[in-house]
Amino acid sequence: MEIAKKLFRRILMTGLFFVALFTTFSTLSGVSAAELSKWMPNEQHNLMRPIEPSTVEHIEKKEVSMHRKELSFAESQETSISHEVVESEPVSLDEAIDWSQYPSSTVVATGYTAGIESTGKTPDHPAYGITFSGVKVKRDLYSTIAADITKYPIGSILYIPGYGYGVVADTGSAIKGNKIDLYYETVADVFENWGKREVEVYLVKKGNGSLTEEDLVKLNENEAVQVFREQMSF
């Protein structure tokens, strides 16, 4: 009888000890028995308790939303890059610059050569191909042209749509007022590429009355205009 009492006391004390231990754990950690049971192994599958369907749906919606944002950002970047590529593609010189920012006037433009048909000089003449300014005639990105120097002084730079840049280097007895003469190397070039036209020209720079070979070389070697070289018909 005495042995049975001792055994009962030990069992009771052990039970009370575990109850006190769990109570202390709950108090310190703030975890209730119900919450603790969620972390207990699932007896059927020996796995952690599965996530609720509502939680799965929430996660999936969040992932879809993030994916859409990433796609939207990627598409905007692609559009931006494509836009830059289109803008960087070479365009004609007529389209590359806003010419309306320069003073303009309507002139009658004809073509001329250094030959006897335009100047009365033959290739053996010492002044053959030499302009009023002293520089040699030239068809390039910046070509020599003739103008009325009371309107466009020597060294003035005009932009002539369909021809390109023209630097006033020469004069002519018939070139007065709103008339200009555009240099071409041959008579065939004049008739094939220009002839005679009424055109609106733009004054890019007014000259100071002088022009040198060095000035003309610098203009034609300007890197900013080299991209248009292949588009010009020299």
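Here, every reference points to the structure presented above.
These numbers were taken from a predicted model, which means no experiment stands behind them.

K.L.:
Sorry if this is basic, but what is going on with the pattern of salt bridges here?
P.N.:
Side chains bearing opposite charge may pair, as long as their charged atoms lie close to each other. Taken as a whole, this structure holds 3 salt bridges when the rule is applied. Measuring nitrogen to oxygen at the nearest pair gives 4.0 Å for the salt bridge that ties Lys-138 to Asp-140. For Lys-138, a relative accessible area of 32% gives the class partly exposed. Judged by its relative accessible area of 11%, Asp-140 is buried.

K.L.:
Got a minute to help me understand the side chain of Thr-144 in this structure?
P.N.:
With respect to the secondary-structure elements, Thr-144 resides in strand β2 (residues 142-147). You can call Thr-144 buried: its relative accessible area is 0%.

K.L.:
I'm lost on the environment of Thr-122 in this one. Help?
P.N.:
Tracing the sequence through the fold places Thr-122 in the loop between α5 (116-119) and β2. Once residues lying within four places of it in the same chain are set aside, the contact partners of Thr-122 are Ile-116 and Tyr-128. Of note is the side chain of Thr-122, whose polar atom sits 2.2 Å from the side chain of Asp-124.

K.L.:
For this particular structure, what's the right way to read the nonpolar core?
P.N.:
One recurring pattern in soluble globular proteins is that nonpolar side chains are buried together. Formed by 39 residues in total, the largest nonpolar core has its most connected members in Tyr-152, Ile-160, Tyr-163, Tyr-165, Ile-180, Leu-182 and Trp-194. When contributions to this core are tallied by element, the ones reaching two or more residues are β1 (104-112), β2, β3 (157-160), β4 (164-170), β5 (179-183) and β6 (196-205). In this view, Trp-194 contacts Ala-109, Thr-110, Gly-111, Ile-160, Pro-161, Gly-162, Tyr-163, Leu-182, Tyr-184, Asp-189 and Val-199; residues no more than four positions away in its chain are not counted.

K.L.:
How should the sheet that holds β2 be read in this particular structure?
P.N.:
Sheets are built from strands that pair by backbone hydrogen bonding, the pairs being arranged parallel or antiparallel. Reading around the circumference, β1-β5-β2-β4-β3-β6 is the order of the 6 strands in this closed barrel, with mixed pairing throughout. Mean inter-strand twist for the sheet, computed between neighbouring axes without regard to direction, equals 45 degrees. Where β1 and β6 come together, 7 bridges link them in antiparallel fashion. Looking at β6, one finds that Ser-105 is bridged to Val-201. Seen against the sheet, helix α7 (residues 213-220) touches β2, β3 and β4 and runs at an angle of roughly 130 degrees to β2.

K.L.:
Help me out: how do you make sense of the packing of aromatic side chains in this one?
P.N.:
Aromatic ring pairs: the centre-centre distance and the angle between the two ring planes describe each pair. Per the stated rule, a full pass over the model turns up 9 aromatic pairs. On the basis of an interplanar angle of 70 degrees and a centroid distance of 5.8 Å, the ring pair of Tyr-112 and Tyr-183 is categorised as edge-to-face. Of this pair, Tyr-112 sits in strand β1 while Tyr-183 sits in strand β5, placing them 71 residues apart in sequence. By the ring-pair criterion, three or more aromatic residues cluster together here, those being Trp-99, Tyr-102, Tyr-142, Tyr-159, Tyr-165 and Tyr-202. Taking NZ or CZ as reference, Arg-139 lies 3.9 Å from the ring centre of Tyr-163, over its face.

Calculation criteria
Residues numbered from 1 in each chain as written. Predicted model: local features only at pLDDT ≥ 70, side-chain atom pairs only at ≥ 80, totals over all residues. Heavy atoms only, no water. Salt bridge = Lys/Arg side-chain N within 4 Å of Asp/Glu carboxyl O. Buried < 20%, exposed > 50% of the residue type's maximum accessible area, 1.4 Å probe, protein only. Helix = DSSP H or I, 4+ residues; strand = E, 2+ residues; numbered from the N terminus. Contact = heavy atoms within 4.5 Å. Polar contact = N/O pair within 3.5 Å; in protein donor to acceptor, adjacent residues only side chain to side chain. Core = buried A, V, L, I, M, F, W, Y, C linked by side-chain atoms within 4.5 Å. Pairing = 2+ DSSP bridges. Axes fitted to C-alpha atoms, helices over the stretch in contact; angles between N-to-C directions. Phe/Tyr/Trp six-rings, centres within 6.5 Å; stacked < 30°, edge-to-face > 60°. Lys NZ or Arg CZ within 6 Å of the ring centre and 35° of its normal.

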